Amino acid sequence: MNHAALDGIMHPKAIAVIGASATPGKIGFTVLDNLIKQGYSGEIYPINPGEQEILGHKCYASVLDVPGEIDAAVVTIPAKIVLAAIDDCGKKGIKGLIIISSGFSEVGKRELEEQVVSAANRYGMRILGPNIVGVLSNSDKMNASFAPYLPLPGKATLISQSGALLIAIDASTYTRGVGFDKLISIGNMSDIDFADIINWLNDDPSTSCITLYVEGFKNGRSFMEVCRQSTKPIIALKAGVSAHGAAAAASHTGSLAGAAKVYGAAFSQAGVVQASDLDNLFDRTLALSLQPPMHGDNLLIITNGGGVGVLATDAAEKSGLPLKFAPEDVQVELKKHMPDFGSAKNPVDLTGMAGNEWYHDAIKFAYAHDWVDGLAVLYCETAVTDPLEIAKGIKSALVESGVSSKSVTVSFVGGERSEKAMAWLVENGIPAYGAPDRAINALAALREHSQMRKMVSEAILPCGDENRTEAMAVINQARADGRGALTEIEAKQVFSAYGLPVTKTQLATSEDQAVELANEIGFPVVMKIVSPEILHKSDAGGVKVNIKDVAAVREAFRTILANAREYNDKANIHGIAIQEMAPWGTEVILGSVNDATFGPTMMFGLGGIFVEVLKDVTFRVAPVSSSQALRMLDEIRGAPILAGVRGEDPRDKQVLAETICAYSTMILDLADEISESDANPVLVYAEGKGVKVVDARIILKKK
């Protein structure tokens, strides 16, 4: 979007408050009072036809009566009269509207909301909201909201879909000691959305980290694209991931909420670090706003207490940063800064005897050493040390090391003195936490950010063939027949058009033809019912395997037909599929959904009949490169099976990854046609032997 509109909203030189009130307690009064009392230096114009003056400022009946220019208007009037005010704002040349008023799509009045946006856009105005708290900016000393005060100053900016949560976060910035430059309430996202604001913040010199509270997106792919292009770390807390929670999020914001795994995949692909809860959001924001990314895996822990060192070690493994012993040269040097009974392995235990000098010298050396990628400094408060002096020693050691490109976090465990020392550290750019696991998790966030930035820079190249014409011929015929699902044979034809290795499968409409095809394909064969009304063939007794001769073919043909008719006597039976019986392999599943938020989305997991029970699956938003697909293989709990267990050869992961890539190419290319699909099972053979798609299913989108 044009930056000028958001410049007007975020950095206005003049603000009008439409619906300004002289009555304390009303939102129109609170917004005006906040702007005045909290130091906004631009022009402020109260708009209310029933007042002459409010809080010492001349009041105007309309924005058209204001003599000067206006960049932004904060709208607090009832929803039913907002539309009437839009025209005046447009004629005045206002750039952006901050619509605090509620009573729009969040209560079902979507048409009114659309009319307001349409009217504003005709004048080139953009809308933030409606149904928001407002905008708060420390760098502009602007509290254009009904939140009580500006947040504790910091380098992060928060965008929140929940207004109530934003107000709560505003207050807790002071108790938590985590500062923000801006708090932006986004509400219904009728016009300006997450992507627009992230794009603008990427050029904002006052923002070093972008923090998101997300309930849902209206255009997930545009969000992903903007995040990929961001040069600043982005961290998100996604709410509404449970079935009940998702429903609540939709009713609260009017936005669509998706499954936790799909959102998690989208965040990862977009380079967005995730937070597990609100506390974790604060902890990770603090680190990402103050520290550079952690570019390697070598984490060194320096502590004066064995207990906190063990806790940190556990947290490191849990966070994906398992510790390694420090190299011998590092250990030799560190032993100079501890008693004989200390440990220099990692964690580096300086022991309870450690004072300012040992901490300072050990940190200065370790932080500058090439082996160390990230440093966690832990301190347990003792009677013989002053926490503030330890904190100052940490800071001076880091500065004297001459290094500024590595990550460091600190944890002080103690009382009031330790709390004050940690506050001093944060003020001086070093994230500090009251528990060692939190400091380690913050470092993990810095590592995740680094890894994600590498991933999003990778080129995504299509895999396999792309014969869309051949695939569409199959789909169009099914639609012409009035069907919303392809048969297995048709689905395999579509798969084959995109280079997926499917088993040889042909349709028999008579017993004799079944015998002829079985002889042609070669025994043993598999036989399956083919009917648009019978998608789960095993449930209907519609599958027979390992058929070894002609007599068995004839018997299976009759049995499958009988079972199918008993299962659904109204089913339209096309015939029986005769399929080569692929040799045994490890069963996996590939699948897709056309997600309402992110569009074609790819699934991979262990396959077979228990896939819905085990739910050992992972997701990616299409397209998926073969390198991304290889990462998917390692994300499931069953990953060791693919690596080869109990003497079995490793599976052909490279070909499987290329197959996943080709599958994602297919679902993206046919996004307007395919609602959902799966290939289950896909048999994966030993390295060099490839894969084979045994069964296929495609459900078409309704048109």
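Residues numbered from 1 in each chain as written. Predicted model: local features only at pLDDT ≥ 70, side-chain atom pairs only at ≥ 80, totals over all residues. Heavy atoms only, no water.

Draft legend 1. Highlighting unusual backbone geometry. That bond from Gly-129 to Pro-130 is cis: its omega, -5 degrees, falls within 30 degrees of zero. Of note, Pro-130 is situated in the loop between β7 (126-128) and β8 (134-137). Residues Asn-680 and Pro-681 are joined by a peptide bond in cis, for which omega reads 5 degrees. As for its placement among the helices and strands, Pro-681 is situated in strand β27 (residues 674-684). (Helix = DSSP H or I, 4+ residues; strand = E, 2+ residues; numbered from the N terminus.)

Draft legend 2. Representation of the layout of surface pockets. A volume near 890 Å³ is recorded for the second largest pocket. Taken together, 32 residues make up the lining of the second largest pocket; nearest its centre are Gly-264, Ser-268, Gln-274, Met-452 and Glu-635. Those elements that provide at least two residues to the lining of the second largest pocket are β13 (234-238), α9 (260-270), β14 (272-274), α16 (436-456), β26 (617-621) and α22 (626-635). Element by element, the count of residues in the lining of the second largest pocket is highest for α9, at 7 residues. For the lining of the second largest pocket, a count of residues per class yields 15 nonpolar, 8 polar and 9 charged. (1 Å grid on protein atoms, 1.4 Å probe; cavity = no way out; pocket = protein on both sides within 12 Å on 5 of 7 lines; lining within 4 Å. Points joined across faces, edges and corners; volume = space filled by probe spheres on them. Nonpolar A, V, L, I, M, F, W, Y, C, P; charged D, E, K, R; others polar.)

Draft legend 3. Spotlight on the packing of aromatic side chains. For the structure on display, the rule yields 14 aromatic pairs. The structure contains a cluster of three or more aromatic residues connected by ring pairs, namely Phe-194, Phe-217, Phe-223, Tyr-263, Phe-267 and Phe-598. Over the ring of Tyr-263 we find Lys-238, and its NZ or CZ is 4.5 Å from the ring centre. One cation-aromatic arrangement involves Lys-345 over Phe-325; the distance from NZ or CZ to the ring centre is 5.5 Å. (Phe/Tyr/Trp six-rings, centres within 6.5 Å; stacked < 30°, edge-to-face > 60°. Lys NZ or Arg CZ within 6 Å of the ring centre and 35° of its normal.)

Draft legend 4. How the structure looks around helix α14 (residues 387-400). An ideal rise of 1.5 Å per residue puts 20 Å on 14 residues; α14 measures up with 20 Å between its terminal C-alpha atoms. What α14 keeps buried is the set Pro-387, Ile-390, Ala-391, Gly-393, Ile-394, Ala-397 and Leu-398. The buried residues of α14 all sit within an arc of 160 degrees when viewed along its axis, so they share a single face. Those residues of α14 that are buried are in contact with α13 (356-368), β17 (374-380), β18 (407-413) and α15 (416-427). Between a side-chain oxygen at the N-terminus of α14 and the backbone nitrogen of Leu-388 the separation is 3.1 Å; the capping residue is Asp-386. (Expected span 1.5 Å × (residues − 1). Buried < 20%, exposed > 50% of the residue type's maximum accessible area, 1.4 Å probe, protein only. Arc of directions from axis to C-beta. Contact = heavy atoms within 4.5 Å. Polar contact = N/O pair within 3.5 Å; in protein donor to acceptor, adjacent residues only side chain to side chain.)

Draft legend 5. Here's a closer look at the sheet that holds strand β19 (residues 432-433). Read across the open sheet, the 5 strands follow the order β16-β15-β17-β18-β19; overall the sheet is parallel. If you trace the sheet from one side to the other, it starts and ends with β16 (348-349) and β19, each paired once. Both strand β15 (residues 299-303) and β16 contribute to a ladder of 2 bridges, which runs parallel. Each residue of the ladder has a partner; that of Ile-302, found in β16, is Val-348. Lying on the sheet, α16 is in contact with β15, β17, β18 and β19; it crosses β18 at an angle near 170 degrees. (Pairing = 2+ DSSP bridges. Axes fitted to C-alpha atoms, helices over the stretch in contact; angles between N-to-C directions.)

Draft legend 6. Inspection of the pattern of salt bridges at higher detail. Under the definition given, this model contains 33 salt bridges. Glu-488 is paired through a salt bridge with Lys-492; the nearest N and O atoms lie 2.9 Å apart. Within this pair, Glu-488 and its partner Lys-492 are both found in helix α18 (residues 488-497), separated by 4 residues, close to a single helical turn. The same class applies to Glu-488 and to Lys-492, which are both buried. As a salt-bridge pair, Arg-697 and Asp-678 come within 3.9 Å of each other at their nearest N and O atoms. Here Asp-678 lies in strand β27 and Arg-697 lies in strand β29 (residues 696-700), a separation of 19 residues in the sequence. By relative accessible area, Arg-697 is classed as partly exposed at 22%. Judged by relative accessible area, which is 19%, Asp-678 ranks as buried. Connected via shared salt-bridge partners are Glu-488, Lys-492, Lys-528, Lys-537 and Asp-695. (Salt bridge = Lys/Arg side-chain N within 4 Å of Asp/Glu carboxyl O.)

Draft legend 7. Representation of the state of the cysteines in the model. Within this structure, the stated rule accounts for 1 disulfide. Paired by a disulfide, Cys-463 and Cys-661 hold their sulfur atoms 2.0 Å apart. Looking along the S-S bond of the Cys-463-Cys-661 disulfide, the torsion reads about 85 degrees, which is the right-handed sense. A residue pair is termed long-range when its members are at least 10 positions apart, and Cys-463 in the loop between α16 and α17 (468-480) and Cys-661 in helix α24 (residues 653-669) qualify at 198 residues. The two residues Cys-463 and Cys-661 agree in class, both being buried. Cys-59 takes part in no disulfide bond, and the closest cysteine sulfur, belonging to Cys-89, lies 14 Å away. For Cys-227, which is in no disulfide, the shortest distance to another cysteine sulfur is to Cys-209 and amounts to 12 Å. (Disulfide = S-S within 2.5 Å.)

Draft legend 8. Structural context of empty space enclosed by the protein. All chains considered together, the criterion is met by 3 cavities of 30 Å³ or more. Of the voids in this model, the largest cavity is the one considered here, and its volume is about 90 Å³. Lining of the largest cavity is provided by Leu-486, Thr-487, Glu-488, Ile-529, Val-530, Ser-531, Pro-532, Ile-534, Leu-535, Lys-537, Ala-696 and Arg-697. Every element with two or more residues in the lining of the largest cavity is listed here: β21 (525-530) and β29. Computed from the structure, the second largest cavity encloses a volume of approximately 60 Å³. For the second largest cavity, the full set of lining residues is Ser-268, Gln-269, Met-455, Val-456, Arg-620, Gln-628 and Arg-631. Counting only elements with at least two residues in the lining of the second largest cavity, the list comes to α9, α16 and α22. Split into classes, the residues belonging to the lining of the second largest cavity amount to 2 nonpolar, 3 polar and 2 charged.

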